[in-house]
Amino acid sequence: MIKGILFDKDGTLIDFFSLWLGAAKSFVTQFLKENNLSEEVKECVFHAMGIENGEIDPHGGLAYKSYSEIAMDITDELSREQIYLDSRKVRMQLERLFAEYVTESQAQYVETADIKAVLDSLKQRNIWIGLATADTVPSAKNCLKRLEVLEKFDYVGADDGVLRPKPEADMFLEFQKKFGLKPQEIAVVGDTYNDIRFARENGGVAIGVLSGVSQEADFCGEADYILNSVGELPQLLEQI
């Protein structure tokens, strides 16, 4: 029986593209200015972030990696162009510029389903609700506040500079221990193969959703269940 659910955020609870693709484009423009880089390396930065021809690669960094990991990808890519930047500085720029974008009043948080209704249904089943995201803690909580669902989450796992990012076990174990759960009693719901790995490698139930960057094939046949969106989750729980 599933007693706890760890949700990914972007692409799972909110529409990934309406928020993060715009944020990435805004970031790259400002990033080039702040580092006195020419427009010629713009595509290198997009490539390093996992954006090709304006489309997000479901296996690329923007789809699932932490700011630290994306910063390393950017500095590695630029070093091939003989441009050398400190990855720590790039991480700070990523955090600041993305935070500025996503906290703007005009930033769009489009729900993938009726999130309040889904969470209320889970609460009625006495299921512990958690978040496990590559985003920072302030940004993650800002998103949940904007959706007016922060109080419905019993646990918020995010990049705090200490917890290792998915698929490492840190957030899974913290959630598990906090509520005294067994690994097989925890479901992970996410829109990337990385979320499926996160569930699999920690003994949880892997639920993929098609509301984000991935198609069914991107889950590599590893998901226990695949849903169109989290809106179908209550029905799935009835079945299993």
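The shown structure was predicted, so the numbers you read here are calculated from the model rather than taken from an experiment. (Residues numbered from 1 in each chain as written. Predicted model: local features only at pLDDT ≥ 70, side-chain atom pairs only at ≥ 80, totals over all residues. Heavy atoms only, no water.)

Looking only at helices and strands, one finds 10 helices and 8 strands in the chain. Its C-alpha radius of gyration of 18 Å places the chain within 12% of the 18 Å reference for a compact globule of 240 residues. Along the longest, intermediate and shortest principal axes, the C-alpha atoms of the chain span 55 × 35 × 30 Å. The proportion of buried residues among the 240 residues of the chain is 54%. Excluding contacts between residues fewer than 6 apart, the proportion of contacts in the chain whose partners are at least 24 apart in sequence is 64%. If you sum the accessible surface of the chain, you get close to 11000 Å²; carbon and sulfur atoms cover 45% of it. (Helix = DSSP H or I, 4+ residues; strand = E, 2+ residues; numbered from the N terminus. Rg over C-alpha atoms; globule rule 2.2 N^0.38 Å. Buried < 20%, exposed > 50% of the residue type's maximum accessible area, 1.4 Å probe, protein only. Contact = heavy atoms within 4.5 Å. Areas by Shrake-Rupley, 256 points an atom, 1.4 Å probe, with all protein chains shown as cover.)

On to the packing of aromatic side chains. Enumeration over the complete set of coordinates arrives at 9 aromatic pairs. An aromatic cluster of three or more residues is present, and its members are Trp20, Phe27, Phe31, Tyr67 and Phe98. (Phe/Tyr/Trp six-rings, centres within 6.5 Å; stacked < 30°, edge-to-face > 60°.)

A word on the side chain of Thr12. When you line up the elements, Thr12 lands in the loop between strand S1 (4-7) and helix H1 (16-34). With a relative accessible area of 0%, Thr12 lands in the buried category. If sequence neighbours within four positions are ignored, Thr12 has contacts with Phe7, Thr112, Val189, Gly190, Asp191, Val209, Ser211 and Val230.

Moving on to the sheet that holds strand S7 (residues 205-209). Here we have 6 strands laid out as an open sheet, ordered S5-S4-S1-S6-S7-S8, and parallel in their pairing. The open sheet is flanked by strand S5 (155-159) and strand S8 (225-227), the only strands paired with a single partner. Within this sheet the neighbouring strands show an average axis-to-axis angle of 20°, counted without direction. Packed on one face of the sheet, helix H7 (residues 137-146) meets strand S4 (128-136) and S5 and runs near 130° to S4. (Pairing = 2+ DSSP bridges. Axes fitted to C-alpha atoms, helices over the stretch in contact; angles between N-to-C directions.)

Let's shift gears to the nonpolar core. Counting residues in each nonpolar core, the largest one holds 63 residues, and the members touching the most others are Ile5, Phe7, Phe27, Met49, Ile74, Phe98 and Leu233. When residues in this core are grouped by element, the largest group, 10 residues, is from H1. Beyond its immediate stretch of four places on either side in the chain, Phe27 contacts Val45, Met49, Ile74, Gln93, Leu94, Leu97 and Phe98. (Core = buried A, V, L, I, M, F, W, Y, C linked by side-chain atoms within 4.5 Å.)

Among the secondary structure elements, Ser211 is positioned in the loop between S7 and S8. Given a relative accessible area of 16%, Ser211 falls into the buried group. Within the structure, the side chain of Ser211 is placed 2.7 Å from the backbone oxygen of Gly11, a separation counted as a polar contact. Beyond its immediate stretch of four places on either side in the chain, Ser211 contacts Gly11, Thr12, Thr112, Asn228 and Ser229. (Polar contact = N/O pair within 3.5 Å; in protein donor to acceptor, adjacent residues only side chain to side chain.)

Looking now at helix H8 (residues 170-179). Within the sequence span of H8, burial applies to Asp170, Met171, Phe172, Phe175, Gln176 and Phe179. Those residues of H8 hidden inside the fold are in contact with S1, S4, S5, strand S6 (186-190) and helix H9 (193-200). One or two residues past the end of H8 sits Gly180, with phi positive at roughly 65°.

Following the criterion strictly, the structure yields 21 salt bridges and no others. As a salt-bridge pair, Asp73 and Lys65 come within 2.9 Å of each other at their nearest N and O atoms. Residue Asp73 is classed as partly exposed on the basis of its relative accessible area of 22%. On the accessibility criterion, Lys65 (22% relative accessible area) is partly exposed. With a closest N to O distance of 2.5 Å, Arg91 and Glu95 form a salt bridge. Pair noted here: Arg91 and Glu95 are both in helix H5 (residues 87-102), with a separation of 4 residues, about one helical turn. Here Glu95 falls in the partly exposed class, since its relative accessible area comes to 25%. Three or more residues are tied together by salt bridges with common partners; here these are Asp8, Lys166 and Asp195. (Salt bridge = Lys/Arg side-chain N within 4 Å of Asp/Glu carboxyl O.)

Where burial is concerned, the two faces of S1 agree: the one with Gly4 and Leu6 and the one with Ile5 and Phe7 are both buried. Where S1 lies against S4, 4 bridges are found, and the strand directions are parallel. Within S4, the residue paired with Gly4 across the bridge is Trp128. As defined by bridge partners, S1 adjoins S6 across 4 bridges and the pair is classed as parallel. Within S6, the position partnered with Leu6 by the bridge is Val188.

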